Amino acid sequence: MCGVAGIIDYRGKSDSVPAVKEMLRSFSYRGPDESGIYHSSVATIGNVRLSIIDLATGQQPLSDISGRYWIVFNGEIFNYIELREVLEKKGLTLKTHSDTEVLVNLFALYGEKCLSMLNGQFAVAIWDKNEEKLFIARDRVGIRPLFYTKANGVLYFASEIKGLFCSREVKRELNPDNLAQIYTFWTAITPATAFRDISELSPGHYLIFNREGLTIRKFWELSFNNN
């Protein structure tokens, strides 16, 4: 399973490591094998891991070969062996045998265009430490969960909503309109959730957050044949 969480705070006023640790503890059952955190003056991202692929060297967070991009990842890339060959043909020598390292190096080469190359299920967060920019993405049909919110200019993301509520700055307030959707459809219509100002990243979408703000784009949608 695995779980991810993070806080991006451009104010630089506080140490977010204890907060992210608490977020990860709130759903530690998602990753009982190990956990890890990457921290800078702006970004703190973490992972709890259920080890399936590359048990020995697949610990997270990990970086691309340049050390610029840092990733936390929940999911599995089914075609990672074929994609690893693509990277090796370009002269890259990877340090692990994990699909996570393949993914972060693909992103380093292709940016968001790498999403179209992936066959799998994923909720992924990648921090660009040079540009101080966060990239998060969710698989095409939303198999892996990913939620986020902004409070006082700070971005919080997590695999489960209760992880977001670990911060005192994130309000716990139900949204009556979205609850009506849940009563009618058994779920809130994406990107809505039961809670006010808490959103899920919609399936087939990615999000970029930097000092200029937050941008969400679609990278995939289901095609319908109208003939």
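A brief report on the enclosed structure follows. Everything numeric here is computed off the predicted structure, so don't read it as measured data.

1. So, the sheet that holds strand E1 (residues 3–8)
With respect to topology, six strands assemble into an open sheet ordered E2-E3-E1-E9-E8-E10, the strand pairing being antiparallel. The sheet is open, and its two edges are formed by strand E2 (34–39) and strand E10 (199–200), each paired on a single side. Pairing of E1 with strand E9 (residues 154–158) involves four bridges; the strand directions are antiparallel. By the bridge assignment, Ile 8 is partnered in E9 with Leu 155.

2. As for unusual backbone geometry
Most peptide bonds are trans, and most residues other than glycine sit at a negative phi. In this model, Gln 60 is joined to Pro 61 through a cis peptide bond whose omega is -5°. Relative to the helices and strands, Pro 61 resides in the loop between strand E3 (43–49) and strand E4 (62–63). Residue Pro 191 is reached from Thr 190 by a cis peptide bond, and omega for that bond is 10°. Position of Pro 191 among the secondary structure elements: in the loop between helix H5 (176–185) and E10. In this structure, Glu 132 is a non-glycine residue whose phi angle is positive, near 50°. Inspection of the secondary structure assignment puts Glu 132 in the loop between strand E6 (120–128) and strand E7 (133–138). In this structure, Asp 197 takes a positive phi of about 70° despite not being glycine. Of note, Asp 197 is situated in the loop between H5 and E10.

3. Re the packing of aromatic side chains
One pass over the structure, following the stated rule, counts six aromatic pairs. Ring geometry for Tyr 69 against Phe 107: centres 5.5 Å apart, planes inclined by 85°, an arrangement best described as edge-to-face. Taken together, the residues span a long stretch of sequence, with Tyr 69 in strand E5 (residues 69–77) and Phe 107 in helix H3 (residues 99–110) at a distance of 38 residues. Like Phe 107, Tyr 69 is buried. Look at Phe 165 and Phe 195: their rings are 5.0 Å apart centre to centre, the planes differ by 80°, and that puts the pair in the edge-to-face class. Of this pair, Phe 165 sits in the loop between helix H4 (161–164) and H5 while Phe 195 sits in the loop between H5 and E10, and the two are 30 residues apart along the sequence.

Reading guide: rules and limits
Residues numbered from 1 in each chain as written. Predicted model: local features only at pLDDT ≥ 70, side-chain atom pairs only at ≥ 80, totals over all residues. Heavy atoms only, no water. Pairing = 2+ DSSP bridges. Helix = DSSP H or I, 4+ residues; strand = E, 2+ residues; numbered from the N terminus. Phe/Tyr/Trp six-rings, centres within 6.5 Å; stacked < 30°, edge-to-face > 60°. Buried < 20%, exposed > 50% of the residue type's maximum accessible area, 1.4 Å probe, protein only.

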